[in-house]
Amino acid sequence: MVENTCCFFGHRTINETEELKLKLIEIIEKLIIEKSVDTFLFGSKSRFNTLCLDIVTVLKEKYPNIKRIYVRAEYPDISEQYKNYLLEGYEDTYYPEKIVNSGRAVYVERNYEMIDKSCYCIVYYNKPNAPIIRKSGTKIALDYAIKKCKNIIRVL
């Protein structure tokens, strides 16, 4: 799943502008056309994720072969009804076995899973000017993607 796969991660709140949307459309479409990316991994709890899902969903009309996969950080076991609900907006969903019993680190571990399964990472990380009291989940994921030598595309 790595070579033709891209994941997204970013802050829960973002400065959502028309310029950002257009930049994301350009980046994602370029990955589809030039790098044959056909699988996109999404998490949750982030406006950036939602924005990217919306964009990939629109691009799916033009490129019907692309797949949207929701990598859950909650609910290892889900009902058929909930799965069907999720599959209205995604082609697949799964809960990574390795994040069971991760406790409070479950979102960090889920992000690691998405990074491990991807060749490309599109990241919305706005480095704060204020002193960092604790490292953000986005910063933790970005550091991990760098360590894993992923192709990182940073947007703001």
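Residues numbered from 1 in each chain as written. Predicted model: local features only at pLDDT ≥ 70, side-chain atom pairs only at ≥ 80, totals over all residues. Heavy atoms only, no water.

A. Just the nonpolar core, in detail. Core analysis: the biggest nonpolar cluster contains 29 residues, and Phe8, Leu24, Ile28, Phe40, Phe48 and Ile122 have the highest contact counts within it. Those elements that provide at least two residues to this core are strand 1 (5-10), helix 1 (18-34), strand 2 (39-42), helix 2 (47-62) and strand 5 (120-124). No other element matches the seven residues that helix 2 contributes to this core. With residues up to four places along the chain from it excluded, the contact list for Phe40 reads Cys6, Phe8, Ile28, Ile32, Val56, Ile66, Lys67, Arg68 and Ile69. In this structure, Phe9, Val71, Met114 and Tyr144 belong to the second largest nonpolar core, which totals 16 residues. (Core = buried A, V, L, I, M, F, W, Y, C linked by side-chain atoms within 4.5 Å. Buried < 20%, exposed > 50% of the residue type's maximum accessible area, 1.4 Å probe, protein only. Helix = DSSP H or I, 4+ residues; strand = E, 2+ residues; numbered from the N terminus. Contact = heavy atoms within 4.5 Å.)

B. Here's a closer look at the packing of helix 1 against helix 2. Between helix 1 and helix 2, whose axes approach to 10 Å, the crossing angle comes to 55 degrees. Considering the angle they form, helix 1 stands oblique to helix 2. You can see that helix 1 and helix 2 cross each other, and the crossing is right-handed. Contacts between helix 1 and helix 2 involve Leu20, Lys21, Leu24, Ile25, Ile28, Glu29 and Ile32 from the former and Phe48, Leu51, Cys52, Ile55, Val56, Leu59 and Lys62 from the latter. Its residues assigned to classes, the contact of helix 1 with helix 2 comprises 11 nonpolar, no polar and three charged. (Axes fitted to C-alpha atoms, helices over the stretch in contact; angles between N-to-C directions. Parallel < 35°, antiparallel > 145°, perpendicular 65-115°, else oblique. Left-handed = near helix turned anticlockwise from the far one by under 90°. Nonpolar A, V, L, I, M, F, W, Y, C, P; charged D, E, K, R; others polar.)

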